[in-house]
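Spelled out from the first residue to the last, the chains are:
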Amino acid sequence: MERVYIFDTTLRDGEQAPGFSMTTEEKLQMAHQLARLGVDVIEAGFAAASKGDFDAINLISQEVKGSTICSLARALEKDIELAAQALAPSEKKRIHTFIATSEIHMKYKLRMSPEEVLERAKKAVAYARKFTNDVEFSCEDATRSQRDFLYKVIEEAIKAGATVINIPDTVGYTVPEEFADLIEGIRNNVPNIDKAIISVHCHDDLGMAVANSLMAVKHGARQVECTINGIGERAGNAALEEIVMALKVRRDFFGGLYTGINAKELYKTSRLLCRITGSFVQPNKAVVGDNAFAHESGIHQHGVLANPLTYEIMSPEDVGFPSTRIVLGKHSGRHALKSKLKEMGFEFSEEDLDRIFEKFKALADKKKEVYEEDIEALVYEEFMKHGEEEPIKILHYQVQTGDKLLPTATVVLTFKGEQKTASSVGNGPVDAIIKAIQKALNLEPTLLDFSIKALTPNTDAQAESRLVIELDGVRASGRGVDVDIIKASVNGFVDALNRALVRKSYILSKENLRKEGTV
Ligand code: KIV
Ligand code: ZN
């Protein structure tokens, strides 16, 4: 029985997608959870892309045990050196180097001849081997590459020391049968292919990333690159939870292949990513969506009660769906909170836990029952605050409103350390405070979506705001939670703005790399 290795790229390809950027602290939380989930490899970032990426890979390399930690690197010595430096503290490290092999990429993006690309690939792999024995090589845009050239590059990369050969469907162009044929072609035409593991990396532009990956596995690929909730560039990458559950539920079809994933951690991992990024999966999302196990029709309910196998091919427990959401109350102690947090996928130092416990006590004094959603919200607020430096910080605000008053708000905030004050009127109190914040910052984001709802069904519930904004072409989502709906709105708006600003600087650093001509 053979194993299929799961290579998670949520923190690299996933994080590259608009609205999914994460702070270093958030990436570390995610990486701990990915290790608990049992992924074989965590691609923690692209060390040369930005200082933020480098620092996150370095921190994850120091703190996360169990999984191999990997950094992406272009086929350039300086990228490979940075990847090696960032990964230095990890017990198990992989350098993942890549170069495009399709004619369109070589001609228009790289402006290199096929011979030059071949040389560059060989050199990069051999150089990466100086730092680690675990080197992965990717032929970017493999599915649109000329077959004989692709075979040659793979053969030479293996000769130079690559232990994993990754076949990306970079633009989500292929279809299952064609991809199967490509994998077969590689197995039959690359003489030394048995010296490397074949990996696949599929994008979802035509909605076939999971199907293509599974078909490749059926035809001999033994590593799948994927992301939690399928996040990633454009339409995303293959969804890890779908790959893992398809292999598990249809083990009969896949010839007994297995992964090292602890499926009971899937829901928790998906949920953690949603909380961190503020971007939630649709209710009908396979495996982890809120409705994935909901049976609405009477006939289905009756069948499931008589025997769950009538309508369930897997059970909610198999993927760790929680059965009840009421968890703690004001008499719960620090130990109960700690174990609940662990169960929910969070891991904190004792010092951080003290701070969270203090906030939990304050909340439990206001609310009779503290739900899982409340704890998630509280944790999120807490670790966002001491993550990467946030450009905007609200120091103080005041809102006046009433049925005979024109809603008026004043805000005092700091923007990149500089204090600013502004006032504004608005159609309502939320409108007034948001306008005041915009005035103080001299920024005019477009509000694309805004909703506010009670987290739990009581009158003492916390309110949760969710917003999507666009600032200078950069889209970001934000979320704020408080028992006061105005404060929840302010927190959500500032969260979205901070994410957009952080993402803007990230894009700028990526653009600089692009100008160098090799990304
Ligand atoms: O999609 C892609 O080609 C990639 C490579 C860098 C592996 O993400
Ligand atoms: Zn990709």
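Cut-offs used in this document
Residues numbered from 1 in each chain as written. Chains lettered and ligands numbered in written order. Predicted model: local features only at pLDDT ≥ 70, side-chain atom pairs only at ≥ 80, totals over all residues. Heavy atoms only, no water. Pairing = 2+ DSSP bridges. Helix = DSSP H or I, 4+ residues; strand = E, 2+ residues; numbered from the N terminus. Axes fitted to C-alpha atoms, helices over the stretch in contact; angles between N-to-C directions. Near = heavy atom within 4 Å. Polar contact = N/O pair within 3.5 Å; in protein donor to acceptor, adjacent residues only side chain to side chain. Areas by Shrake-Rupley, 256 points an atom, 1.4 Å probe, with all protein chains shown as cover. Nonpolar A, V, L, I, M, F, W, Y, C, P; charged D, E, K, R; others polar. Domains from an automatic or database assignment. Contact = heavy atoms within 4.5 Å. Buried area = accessible area lost by both parts, 1.4 Å probe. Salt bridge = Lys/Arg side-chain N within 4 Å of Asp/Glu carboxyl O. Donors = N, O, S within 2.8 Å, 3.2 Å for Na, K, Ca; no water. Buried < 20%, exposed > 50% of the residue type's maximum accessible area, 1.4 Å probe, protein only. Phe/Tyr/Trp six-rings, centres within 6.5 Å; stacked < 30°, edge-to-face > 60°. Lys NZ or Arg CZ within 6 Å of the ring centre and 35° of its normal.

**As for the sheet that holds strand E14 (residues 446-454)**
Strands sit in the order E14-E15-E16 across an open sheet of 3 strands; the sheet is antiparallel. Bordering the open sheet on either side are E14 and strand E16 (474-482), each of which pairs with just one other strand. Sheet twist, expressed as the mean angle between neighbouring strand axes with direction ignored, is 10°. In the sheet, strand E15 (residues 463-471) pairs with E16 via 9 bridges, with the strands oriented antiparallel. When the sheet's bridge partners are listed, Glu 464 is paired in E16 with Val 481.

**Some remarks on the site of ligand 1**
Around ligand 1, the neighbouring residues are Arg 12, Asp 13, His 96, Phe 98, Ser 138, Glu 140, Asn 166, Pro 168, Thr 170, His 201 and His 203. Between ligand 1 and Arg 12 there is a distance of 3.0 Å, counted from an oxygen atom to a side-chain nitrogen or oxygen. Here His 201 contributes a side-chain N or O atom positioned 3.1 Å from an oxygen atom of ligand 1. For ligand 1, whose unbound accessible area comes to 260 Å², protein coverage reaches 94%. Put simply, the parts of the chain that give the shell around ligand 1 at least two residues each are helix H1 (10-14), strand E4 (93-100), strand E5 (135-140) and strand E6 (164-169). When grouped by side-chain class, the residues that make up the shell around ligand 1 number 2 nonpolar, 6 polar and 3 charged.

**Overview of the domain arrangement of the protein chain**
According to the domain assignment, the protein chain consists of domain 1 (5-277), domain 2 (294-385) and domain 3 (392-509). Centre-to-centre, using C-alpha coordinates, domain 1 lies 37 Å away from domain 3. With 13 residues of domain 1 at the interface, the matching set in domain 3 holds 9 residues. The largest share of the area that domain 1 buries against domain 3 comes from Gly 19, Ser 21 and Arg 275, three residues that together contribute 45% of it. Where domain 1 packs against domain 3, one counts 0 salt bridges.

**Quick word on the coordination of the zinc ion (ligand 2)**
For the zinc ion (ligand 2), the full set of protein donor atoms is Asp 13 (OD), His 201 (NE2) and His 203 (NE2), and the range of their distances to it is 2.0 to 2.1 Å. Spacing between the donor residues of the zinc ion (ligand 2) along the chain follows D-x187-H-x1-H. Here the residue Asp 13 occupies a position in helix H1, and His 201 occupies one in strand E7 (residues 197-202), the gap between them amounting to 188 residues. Accessibility expressed as a relative area gives 3% for Asp 13, which makes it buried.

**Side note on the packing of aromatic side chains**
Considering all chains together, one arrives at 6 aromatic pairs under this definition. Aromatic side chains Tyr 127 and Phe 131 sit 5.3 Å apart centroid to centroid with 85° between the ring planes, which places their arrangement in the edge-to-face category. The class for Phe 131 is partly exposed, based on a relative accessible area of 35%. Within the aromatic cluster, the residues linked to one another by ring pairs are Tyr 267, Phe 293 and Phe 321. Taking the ring centre of Phe 253 as reference, the NZ or CZ of Lys 218 above it sits at 4.1 Å. Directly above the aromatic system of Phe 280 lies the positively charged group of Arg 466, at a separation of 3.6 Å from the ring centroid.

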